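The primary structure of each chain is shown beneath.
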Amino acid sequence: MGSVSYGLEGKVVLVTGGSRGIGLEIAGRLLQEKAKVVICARKKEGLDGAVSLLGGGENLLAVPAHVAKEEDVEKLFDAAVGRYGTLDVLINNMGMNLLTPSLVDTEPAAWNKILESNLTGTFLCSRRAASIMKEKKTGKIVSISSVAGTRAAPGMGVYGIAKAGIEMLTKVLAAELAPFNIQVNAVAPGMVRTDFSKPFWSNEAFYEQMVRAIPAGRIAEPADVVHPVLFLCSELAGFITGQTIMVDGGASAV
Ligand SMILES: NC(=O)c1ccc[n+]([C@@H]2O[C@H](COP(=O)([O-])OP(=O)(O)OC[C@H]3O[C@@H](n4cnc5c(N)ncnc54)[C@H](OP(=O)(O)O)[C@@H]3O)[C@@H](O)[C@H]2O)c1
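Being a predicted model, the structure only gives us computed values, none of them experimental.

Caption draft 1: A look at the pattern of salt bridges. In total, this model carries eight salt bridges according to the counting rule given. Of the charged contacts, one joins D78 and R128 as a salt bridge, the two residues approaching to 3.1 Å between their closest N and O atoms. With D78 in helix α3 (residues 70-84) and R128 in helix α4 (residues 108-136), this pair connects stretches of sequence that are 50 residues apart. Overall, R128 belongs to the buried group, its relative accessible area being 17%. Note that D88 and K136 form a salt bridge whose closest N and O atoms lie 2.7 Å from each other. With D88 in the loop between α3 and β4 (89-92) and K136 in helix α4, this residue pair connects regions lying 48 residues apart in the sequence. The class for K136 is partly exposed, based on a relative accessible area of 31%. Shared partners join several salt bridges into a network, and the residues in it are E74, D78 and R128.

Right under this line is the structure:
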């Protein structure tokens, strides 16, 4: 895969939640593409670790920001534009979940926290990105959803509702921003081997049971998600908009 190029050299790409997991993998691949990369996360230590791991030099900017806090989002985008002059691509990668009981037993505080971070955060970042991209009449927004956005799963009710919201937000933005030559899409992975899902895949019995429902016979590695995301960020995908691509080893096909 090393020789594949998505034509992103010199493009300014902001990746939310870039300090570990899928976001870190995306940022690394973008730096290989010679893009100018901005990552954010809440914790500065995580970002510092990512910067020393990625070693992007002048092409990498790390900004602590909570995507659900409007003032943080403003500072994040101001920092990106201040450093690189513009924004070409937004990747709404961050995601969080608190394992919740059945929906009716879920406390409103947990509901609010999950929806604010995942859905409101995606809205706030997309809104700010679109205001920059509309003036240029070009841009791409790609969000990471989840199979939980289309299938009800235990412990993931509110998270799934937030992801379903992200998929609808993707369609609405795609329709509204198409006249400005801005494409908006999403990628919906099944389970990916990151810290986020470690409690599930690190349990051998659970893992064995889970992969029986995946035709590919395994869960995804972060790299499995990176290429579909970068394809959607590229001009190769210029006539695709409003779509969610499932990256689940065929699980949703059976
Ligand atoms: N792993 C899976 O099995 C899986 C499956 C389907 C979909 N997904 C989706 O894939 C995306 C990436 O997941 P992942 O597995 O890479 O997760 P991860 O390893 O937990 O990484 C999440 C990243 O988001 C950051 N983050 C969390 N809350 C934030 C907030 N409010 N504002 C800014 N940054 C925040 C984290 O840093 P801080 O903690 O420092 O903020 C971290 O950099 C998410 O959207 C997730 O829902 C994951």
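This is not the end of the story, as more comes after the structure.
Caption draft 2: Inspection of the site of the ligand at higher detail. Surrounding the ligand, one finds 28 residues, the nearest of these being S19, R42, N93, Y159 and T194. Within the side chain of S19, a nitrogen or oxygen atom sits 2.7 Å from an oxygen atom of the ligand. The contact in question runs from a nitrogen atom of the ligand to an N or O atom on the side chain of H66, over 3.4 Å. The protein chains hide 97% of the 890 Å² of surface that the ligand would expose on its own. Secondary-structure elements contributing two or more residues to the shell around the ligand are α1 (21-32) and α5 (157-177). Class assignment for the residues of the shell around the ligand results in eleven nonpolar, 13 polar and four charged.

Caption draft 3: Structural view of a positive patch on the surface. Side chains of R20, R42, K43 and K113 sit close together on the surface and give a patch of like positive charge. Positionally, R20 belongs in the loop between β1 (12-16) and α1.

Caption draft 4: Here's a closer look at the pairing of strand β2 (residues 36-41). The element β2 is extensively covered by neighbouring structure, given that five of its six residues are classed as buried. Pairing geometry for β1 and β2, over five bridges, is parallel. When the bridges of β2 are listed, L14 appears paired with V38. Note on the crossover from β1 through α1 to β2: the handedness is right-handed. Note that β2 and strand β3 (residues 60-64) share five bridges and pair parallel. By the bridge assignment, V37 is partnered in β3 with L60.

Caption draft 5: Quick peek at the environment of L30. Considering the arrangement of structural elements, one finds L30 in helix α1. Each C-alpha atom, one on L30 and one on L8, is 7.5 Å from the other, the two residues being 22 residues apart in sequence. Once residues lying within four places of it in the same chain are set aside, the contact partners of L30 are L8, V13, V15, A35, V37, I91 and L230.

About the thresholds
- Residues numbered from 1 in each chain as written.
- Predicted model: local features only at pLDDT ≥ 70, side-chain atom pairs only at ≥ 80, totals over all residues.
- Heavy atoms only, no water.
- Salt bridge = Lys/Arg side-chain N within 4 Å of Asp/Glu carboxyl O.
- Helix = DSSP H or I, 4+ residues; strand = E, 2+ residues; numbered from the N terminus.
- Buried < 20%, exposed > 50% of the residue type's maximum accessible area, 1.4 Å probe, protein only.
- Near = heavy atom within 4 Å.
- Polar contact = N/O pair within 3.5 Å; in protein donor to acceptor, adjacent residues only side chain to side chain.
- Areas by Shrake-Rupley, 256 points an atom, 1.4 Å probe, with all protein chains shown as cover.
- Nonpolar A, V, L, I, M, F, W, Y, C, P; charged D, E, K, R; others polar.
- Patch = residues over 30% accessible without salt bridge, like charges linked within 9 Å, V, L, I, M, F, W, Y side chains within 5 Å.
- Lys, Arg positive; Asp, Glu negative; His and termini not counted.
- Charge placed at Lys NZ, Arg CZ, Asp CG, Glu CD.
- Pairing = 2+ DSSP bridges.
- Right-handed = clockwise from strand over helix to strand, strands pointing away.
- Contact = heavy atoms within 4.5 Å.

This is a description of form; function is not addressed.
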